[in-house]
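Now for the letters of each chain:
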Amino acid sequence: MAIVLAIESSCDETAVAIVNNRQVCSSIIASQISVHQEYGGVVPEVASRQHLQTINGAITQAMEQAKLDWGQIDGIAATCAPGLVGALLVGLTAAKTLAIIYKKPFLGVHHLEGHIYATYLSEPSLEPPFLSLLVSGGHTSLIYVKDCGTYEALGETRDDAAGEAFDKVARLLKLGYPGGPIIDKLAQEGDPQAFALPEGKVSLPSGGYHPYDGSFSGLKTAVLRLVQQLEKDGGQVPVADVAASFQQTVARSLTKRAIACALDYGLNTIAVGGGVAANSGLRTILQAAAAKHNLRVLFPPMKFCTDNAAMIACAAADHLSRGHTSPITLGVESRLALTQVMKLYQSA
Ligand code: KG4
Ligand code: ZN
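Residues numbered from 1 in each chain as written. Chains lettered and ligands numbered in written order. Predicted model: local features only at pLDDT ≥ 70, side-chain atom pairs only at ≥ 80, totals over all residues. Heavy atoms only, no water.

A. Region of interest: the overall build of the protein chain. Along its length, the protein chain carries ten helices and 14 strands. For 348 residues, the compact-globule estimate of 2.2 N^0.38 gives 20 Å, and the C-alpha radius of gyration of the protein chain, at 20 Å, lies within 12% of that figure. On the principal axes, the C-alpha backbone points of the protein chain span a range of 65 × 45 × 35 Å. Counting only residues that meet the buried cut, the protein chain has 55% of its 348 residues in that class. Considering only contacts within the protein chain whose residues lie at least 6 apart along the sequence, 71% involve residues at least 24 apart. Accessible surface computed for the protein chain: about 14600 Å², of which carbon and sulfur atoms make up 52%. Side-chain charges of the protein chain comprise 26 positive and 30 negative groups, with the mean position of each set lying 2 Å from the other. (Helix = DSSP H or I, 4+ residues; strand = E, 2+ residues; numbered from the N terminus. Rg over C-alpha atoms; globule rule 2.2 N^0.38 Å. Buried < 20%, exposed > 50% of the residue type's maximum accessible area, 1.4 Å probe, protein only. Contact = heavy atoms within 4.5 Å. Areas by Shrake-Rupley, 256 points an atom, 1.4 Å probe, with all protein chains shown as cover. Lys, Arg positive; Asp, Glu negative; His and termini not counted. Charge placed at Lys NZ, Arg CZ, Asp CG, Glu CD.)

B. Spatial organisation of the pattern of salt bridges. For the structure shown, the criterion picks out ten salt bridges. With a closest N to O distance of 3.5 Å, Arg22 and Glu127 form a salt bridge. Of this pair, Arg22 sits in the loop between β2 (13–20) and β3 (23–31) while Glu127 sits in the loop between α4 (111–122) and β6 (130–135), and the two are 105 residues apart along the sequence. Classification of Glu127 by relative accessible area gives partly exposed; the value is 48%. Its salt-bridge partner being Arg322, residue Asp318 comes within 3.0 Å of it at the nearest N-O pair. By relative accessible area, which is 16% here, Asp318 ends up buried. (Salt bridge = Lys/Arg side-chain N within 4 Å of Asp/Glu carboxyl O.)

C. Examining the packing of helix α5 (residues 162–172) against helix α7 (residues 217–232) more closely. Between α5 and α7, whose axes approach to 10 Å, the crossing angle comes to 15°. It follows that α5 is roughly parallel to α7 by the angle criterion. Crossing hand, α5 versus α7: right-handed. Contacts from Lys168, Val169 and Leu172 of α5 reach α7 at Lys220, Val223, Leu224 and Val227. (Axes fitted to C-alpha atoms, helices over the stretch in contact; angles between N-to-C directions. Parallel < 35°, antiparallel > 145°, perpendicular 65-115°, else oblique. Left-handed = near helix turned anticlockwise from the far one by under 90°.)

D. Seen up close, the environment of Glu189. Position of Glu189 relative to the elements: it lies in the loop between α6 (179–187) and β9 (201–203). When the C-alpha atoms of Glu189 and Ala240 are compared, they prove to be 6.0 Å apart, with 51 residues separating the residues in sequence.

E. Region of interest: the packing of helix α8 (residues 239–264) against helix α9 (residues 280–292). For the pair α8 and α9, the least separation of the axes is 9 Å and the interaxial angle reads 35°. Here α8 and α9 pass one another in a crossing that is right-handed. On the side of α8, the interface is formed by Gln247, Gln248, Ala251, Arg252, Leu254, Thr255 and Ile259, while α9 contributes Ser280, Gly281, Leu282, Ile285, Leu286, Ala289 and Ala290. For the contact of α8 with α9, a count of residues per class yields eight nonpolar, five polar and one charged. (Nonpolar A, V, L, I, M, F, W, Y, C, P; charged D, E, K, R; others polar.)

F. Examining the environment of Glu152 more closely. In this structure, Glu152 sits in strand β8 (residues 150–156). Spatially, the C-alpha atoms of Glu152 and Leu131 are 9.8 Å apart, while their sequence positions differ by 21 residues. Within the structure, the side chain of Glu152 is placed 2.7 Å from the side chain of Lys146, a separation counted as a polar contact. (Polar contact = N/O pair within 3.5 Å; in protein donor to acceptor, adjacent residues only side chain to side chain.)

G. Representation of the sheet that holds strand β4 (residues 75–81) within the structure. With respect to topology, five strands assemble into an open sheet ordered β3-β2-β1-β4-β5, the strand pairing being mixed. Edge strands, defined here as strands with exactly one partner in the open sheet, are β3 and β5 (106–110). Each adjacent strand pair in this sheet contributes to an overall mean axis angle of 20°, direction not counted. Direction of pairing for strand β1 (residues 3–8) relative to β4: parallel, over a ladder of four bridges. Pairing of Leu5 across the sheet is with Ile76, part of β4. (Pairing = 2+ DSSP bridges.)

H. Summary view of the site of ligand 1. If you check the shell around ligand 1, you find 20 residues, and the closest are Gly137, Asp167, Gly180, Asp184 and Asn279. A distance of 3.5 Å separates an oxygen atom of ligand 1 from a polar atom in the backbone of Gly138. With the chains in place, 88% of the 550 Å² that ligand 1 exposes on its own is no longer accessible. Those elements that provide at least two residues to the shell around ligand 1 are α4, α5 and α6. Looking at the shell around ligand 1 element by element, the count peaks at four residues for α6. Within the shell around ligand 1, the residues separate by chemical class into five nonpolar, twelve polar and three charged. (Near = heavy atom within 4 Å.)

I. Quick look at the coordination of the zinc ion (ligand 2). Donor atoms from the polypeptide that bind the zinc ion (ligand 2) are His111 (NE2), His115 (NE2) and Asp307 (OD), placed at 2.0 to 2.1 Å. Written as a sequence motif, the donor residues of the zinc ion (ligand 2) are H-x3-H-x191-D. Remark: Asp307 occurs in the loop between β12 (296–298) and α10 (310–321) and His115 occurs in helix α4; sequence separation between them is 192 residues. Judged by its relative accessible area of 15%, Asp307 is buried. (Donors = N, O, S within 2.8 Å, 3.2 Å for Na, K, Ca; no water.)

J. Broad picture of the packing of aromatic side chains. All told, the structure shown has six aromatic pairs when counted by the stated rule. Residues Trp70 and Tyr102 carry aromatic rings whose centres are separated by 4.4 Å and whose planes lie at 5° to one another, so their mutual orientation is stacked. With a gap of 32 residues between them, Trp70 in the loop between α2 (44–66) and β4 and Tyr102 in the loop between α3 (85–101) and β5 connect regions that are remote in the sequence. Judged by centre distance (5.0 Å) and plane angle (75°), the ring pair of Phe166 and Phe246 falls under edge-to-face. (Phe/Tyr/Trp six-rings, centres within 6.5 Å; stacked < 30°, edge-to-face > 60°.)

And the structure:
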């Protein structure tokens, strides 16, 4: 059993949470979205400065909400990779400082391991092995979860991540940032059959298609060409129909590969994580396909799909209970494969 306070600052949310293993004691998420909206995307230097302004207040609030004192905290953690270097540094430095002051074990956490652990917050009885479908703004992967810290990458996107595709398509439809939730809402009013779009299969040199890898950049270009053609034809672009057709194509493409992967590897649970796990189209299509194959699909609650610190604290608590801690000299890394996560720890 471990009570852990964790900080997440890898992108545009300043988040602090405390968990007791898989139970959330407090979770504070200060979103910077409104600050970045005027630029149409996240500006790294602005993100770092916002984290600096917000972090101390968020730590105080997390402690107050949990009604705990520092003596009751067993470990202090922060996301250390992957992410925006300046943004990560703010959270990591704060966590290290607290660990030194209060003489607590310190842990760096891989952001994507956090997204996997988000499922445990609502499904505390879930245990590996299972398949994780990670769909965030920066990553799209199929991961065989074997144990805490032991992951095998089975499939990935060859270019844009799923969330990135949502954000780019929203930008070209002039809908604003972040694109995922806006397209999701608009798609409810549109016809998903209105336009046929390519699902982004990846050809193999030996013929046929890769069963688990996908691509979203061709889909994004297809939407661009479609919009240009519709504008050239002089009519009004049916934005809701384009959004619905795009969303359905992404959801189908992710669903086909996740189901094939789970069946091939004999894994009967698919746990979805990352911001795109909030998408209503993906939820509906994946649930329906999984039910046909007697597979179980788990989605975290909406507030734990997008970036938060509870998922980071949950991952850290598991590592800590296994005696894993990080050296206080640990740095941040903008890129780090999930399969390398044990590089962050030393065993007691
Ligand atoms: O996991 P996350 O909060 O941050 C990263 O680790 O990247 O994911 C953010 C991404 C953004 O691209 C956002 O547009 C997308 O998740 N997203 C969604 C939805 N909510 C957030 N995409 C589709 N549908 C949604 N409802
Ligand atoms: Zn994330």
